[in-house]
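# Summary of the model geometry
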Amino acid sequence: MYSSSPVSTCFFLIHILAMVATQLVFMRTVSSLNMTNAYLNHKCLAKQGRYKPGSWYEKQLQTIIVSIGSGDGFTHGYDMMGLSDDSDYVSVTNQCRGDSYGSKCRSCFATAIAGLRRRCPRYKGAIIWYDRCTVEISSFDPQGKFDKDNDFCMSNTKKMNVDSFGEKWMTFLDSLVGIALKDYLYAAGDTRFGTKKLYGMVQCRTDLYNNSCRKCVGHLAVKFQDCWHGKKGARVMGSGCNFRYELYPFVSSAKPRL
């Protein structure tokens, strides 16, 4: 705890949780896995407004970014000026993919922050998604919440020639969610699908627990059903949770270093 000025009360929190990757069936390590960190999407949250150069918001935002930049897995930092409902508030949240830890997580965070500054200059609220991490800047506290607006879906243009795919994937996804709820809100694995293997992954931000995580995943699965259903690969990304499936392995089976 510290104070940024004699007349203001500020709070600062850094919460770092290491992500442990637990899988239904551990996948064989493939050297090409987890080697890329492609940009996926971003959203500037215009309703939260923009901050001025040299303002308290800009200074505290930079302080938080530096403070959590060396973290791993899930990191969250915030600061606020005053205690009233209209207090200035700044929050930064980074959620790295469950198999991206250490230097990969920190590198993704740095890349994401640079991407936000370029794509959403001086916005108080913004989200950016990369392969390895999701970073959100906000002027309010997002902890323990998931919104229903900031999400998207990307899918393979090729279709499955199997009518039962939707039911098979939803059953598999539900199994992954069940494992994730018991193990740091991340799970990845594979299951037999006809003559092929279906590889899947699900992750919730680690400040979402139990029903909040399950509701978040369920909401995305229903909202984007027309996008992922029957496709040979898809990923659905939100601010609080995400899931992905492919007909090939796409995450590392190596467990994080504790």
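Numbers given for residues are sequential positions, taken from 1 along each chain in its written order. At least 70 in pLDDT is required for a residue's local features to be given in this predicted model, at least 80 for side-chain atom pairs to be given and counted, and no such filter applies to totals for whole chains, interfaces and linings, which use all residues. Working from all heavy atoms in the structure, the side-chain values ignore hydrogens and water.

It is worth spelling out the pattern of salt bridges at this point. A pair is scored as a salt bridge if a Lys or Arg side-chain nitrogen falls within 4 Å of a carboxyl oxygen belonging to Asp or Glu. With the rule as written, the count across this model stands at nine salt bridges. Between Asp99 and Arg97 there is a salt bridge, and its shortest N-O distance comes to 2.7 Å. Asp99 sits in the buried class, given a relative accessible area of 2%. Taking relative accessible area as the criterion, Arg97 reaches 7% and is therefore assigned buried. Ionic pairing is found between Asp190 and Lys197, a salt bridge with its closest N-O pair at 3.8 Å. Type-normalised accessible area, obtained with a 1.4 Å probe on protein chains alone, sets the label of each residue: buried when under 20%, exposed when over 50%, and partly exposed for intermediate values. Take Lys197: its relative accessible area is 32%, and that puts it in the partly exposed class.

This paragraph deals with the state of the cysteines. When the sulfur atoms of two cysteines come within 2.5 Å, that pair is taken as a disulfide. Taken as a whole and assessed by the stated rule, the structure comprises six disulfides. At a sulfur-sulfur separation of 1.9 Å, the disulfide partner of Cys44 is Cys120. Here the disulfide of Cys44 and Cys120 is left-handed, its torsion about the S-S bond being about -85°. Placement of the pair is Cys44 in strand β3 (residues 39-44) and Cys120 in the loop between α2 (103-119) and β6 (126-130), with a sequence separation of 76 residues. Under the scheme used here, helices are H or I runs from DSSP no shorter than 4 residues and strands are E runs no shorter than 2 residues, and both carry numbers assigned from the N terminus.

Side-chain rings of Phe, Tyr and Trp (the six-membered ring for Trp) are treated as a pair once their centres are within 6.5 Å; stacked means planes under 30 degrees apart, edge-to-face means over 60, and tilted covers the remaining angles. Per the stated rule, a full pass over the model turns up nine aromatic pairs. Ring geometry for Tyr78 versus Tyr89: centroids 5.4 Å apart, planes at 10°, classification stacked. Here Tyr78, found in strand β4 (residues 74-81), pairs with Tyr89, found in strand β5 (residues 88-96); they are 11 residues apart in sequence, far enough to count as distant. Note on Tyr78: relative accessible area 19%, which makes it buried. Looking at Tyr89, the relative accessible area reads 12%, which means it is buried. Ring geometry for Trp129 versus Phe152: centroids 4.9 Å apart, planes at 75°, classification edge-to-face. In this pair, Trp129 sits in strand β6 while Phe152 sits in strand β8 (residues 151-155), placing the two residues 23 residues apart along the sequence. You'll find Trp129 and Phe152 in the same group, each marked buried. Through successive ring pairs, a cluster of aromatic residues spans Phe165, Trp169, Phe172, Phe193, Phe243 and Tyr245.

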